[in-house]
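# Secondary and tertiary structure notes
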Amino acid sequence: MKTNQLFKDKTVLSFEVFPPRKTSPLESIYGTLRELGNLKPDFISVTYGAGGSLNGETTINIAHAVKHTYGIESVAHLPCIHFTKDEIKSILTELKFAGVQNVLALRGDITLEWQPKKDFHYASELVSFIKENGDFNIIGACYPEGHTEVETVKQDLINLKEKVDAGTNQLISQLFFDNDYFYTFRDKAADMGIHVPIEAGIMPVINKKQIEKMVSICGVNLPKKFKQMMDKYEHHPEAFRDAGIAYAIDQIVDLVSQGVDGVHLYTMNNSLIARRINEAVASLFTVPRTLN
C-alpha cells in the first residue's frame, strides 16, 4: 500500500527505526520490530544505515520484514548524494522486488567518511528520478524551523515547494519541541501551495546527552519549559525518561487536537518508550481528523 492514501480517512501514526550498528547482528532489530508491530502503527520507516554505514541491503531487508513478516506497511529511506544514477536505479529495482512501495527521498548528509558523488545534488532531483524509474509513493523531509544549511525559512519553503512539485506525495518533519514552530510552518507551506499531508516528527527525549546531540545536528530550539525539565531531572535517569515521555505525549495531544495530518515517532529503536506513548495516545488516532 502507498502510505499517502492513509491520510484520506484518519490521523496517521507512524514509527521510525534504524538498522543495527556495525557491531550488532541484523537479528537484533527483529525483536524490536515485533514489539512495535504489536502497537499497530500505520507504517514503519527504516533509515539508511546507522553509525556511518551506508548499507542499502540491510535497509531493504528490514523494510521487507516490516511488511511481510510483521504485517505493517514499510517505508525505505534513500539518500541520493552518495550514489550514482545507476546505483539508485538498482536500489529501486531491489525495493520493487521486496514489495516496498514507499520511499523517503533524501539528499543525505555530507560526511568525511562518505563524500558525495556527482549525479545528485538535491532531494528534488532524486524525486524526479524516482518518478521516471518506478511507481513509488515518494515521501520528503521538511524542517519546521528551517534547514540548517539554508539562510531563511522562506528559502527553505521555496526548496520544499520544488521538491513537492517534482512529485513528493507526503512529508515528514524533522523533530521539534515547540509545536508553534510546526503550526507556523504548516500555515506558510499552505500559503506556498504545498498541499500534501505533513506528518509531525516527534522524538521522546530520555537523557540530556541525547538532546544535546540532536540540537547540535538539527539546530532545533528548546522551549523554556523543556530546559527546566532537563535541569530538574538530568541527574535522575528514570525521572528524566518519564518526563521526556510525558513531554512527547503532551506534544502529540496538542498536535492531534489541532488537526495534524499525522505523527511520526522517532523511536530510537526503543519499543518500551514507543509502547508507553502509544498507550497514552492511541485512542486519539481513532477520532476523525479535523481538517484545516
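See the structure above.
Note that this is a predicted model, so its numbers are computed, not measured.

## Some words on the pairing of strand 1 (residues 12–17)
In terms of burial, strand 1 is a largely internal element, six of the six residues being buried. Because side chains alternate across strand 1, one face comprises the buried residues Val 12, Ser 14 and Glu 16, and the other comprises Leu 13, Phe 15 and Val 17, equally buried. With four bridges joining them, strand 1 and strand 2 (residues 43–46) adopt parallel strand pairing. Among the inter-strand pairings, Ser 14 is bridged to a residue of strand 2, identified as Phe 43.

## As for the pairing of strand 5 (residues 137–142)
Most of strand 5 is tucked away, with six of its six residues classed as buried. The side-chain alternation of strand 5 yields two buried faces, one formed by Asn 137, Ile 139 and Ala 141 and the other by Ile 138, Gly 140 and Cys 142. Bridge count between strand 4 (residues 102–106) and strand 5: four bridges; the pairing is parallel. For Val 103, the partnering residue across the bridge sits in strand 5 and is Ile 138. Pairing of strand 5 with strand 6 (residues 170–175), which is carried by four bridges, proceeds in the parallel orientation.

## Section: the packing of aromatic side chains
With the rule as written, the count across this model stands at six aromatic pairs. Their ring planes at 80 degrees and their centres at 5.4 Å tell us that Phe 120 and Phe 129 sit as a pair that is edge-to-face. You can call Phe 129 buried: its relative accessible area is 9%. Each ring, one from Phe 182 and one from Tyr 183, has its centre 6.2 Å from the other, and the planes form 75 degrees; the classification is edge-to-face. In terms of burial, Phe 182 and Tyr 183 fall into one category: buried. Every member of this aromatic cluster is reached through a ring pair, and the members are Phe 176, Phe 182 and Tyr 183.

## Some remarks on the sheet that holds strand 7 (residues 198–202)
Read around the closed barrel, the eight strands follow the order 1-2-3-4-5-6-7-8; overall the barrel is parallel. Each strand of the sheet is rotated relative to its neighbour by a mean of 25 degrees, with strand direction disregarded.

## A closer look at the pattern of salt bridges
Going through the model one piece at a time under the given rule, you end up with eleven salt bridges. One salt bridge connects Lys 67 with Glu 73, and the closest N-O pair in it is separated by 3.4 Å. We note a salt bridge from Arg 275 to Glu 279, for which the minimum N-O separation is 3.2 Å. Linking Arg 275 with Glu 279, this pair stays in helix 10 (residues 271–281), spanning four residues, or about one helical turn. Taking relative accessible area as the criterion, Arg 275 reaches 36% and is therefore assigned partly exposed. Among the charged side chains, a network of salt bridges with common partners joins Glu 238, Arg 241, Asp 242 and Arg 276.

Rules of the game
- Here the residue numbering is sequential within each chain, running from 1 through the sequence in written order.
- Only residues with pLDDT of at least 70 get local features here, since the model is predicted, and only at 80 or more are side-chain atom pairs given and counted; chain-wide, interface and lining totals rely on the full set of residues.
- For side-chain calculations, the full set of non-hydrogen atoms in the structure is used, while hydrogens and water are omitted.
- Throughout, exposure labels follow a simple rule: accessible area from a 1.4 Å probe, protein chains only, divided by the maximum for the residue type, with under 20% read as buried, over 50% as exposed, and the rest as partly exposed.
- Put simply, DSSP H or I for four residues or longer makes a helix, DSSP E for two residues or longer makes a strand, and each gets a number counted from the N terminus.
- Here a strand pair is declared whenever DSSP counts at least two bridges between the two strands.
- Each pair of aromatic rings taken from Phe, Tyr and Trp, with Trp reduced to its six-membered ring, is defined by centres within 6.5 Å and is described as stacked if the planes are under 30 degrees apart, edge-to-face if over 60, and tilted in the remaining cases.
- Angles run from 0 to 180 degrees between N-to-C directions of axes, and those axes are lines fitted to C-alpha atoms, restricted for helices to the stretch in contact.
- For this document, the term salt bridge refers to a Lys or Arg side-chain nitrogen within 4 Å of an Asp or Glu carboxyl oxygen.

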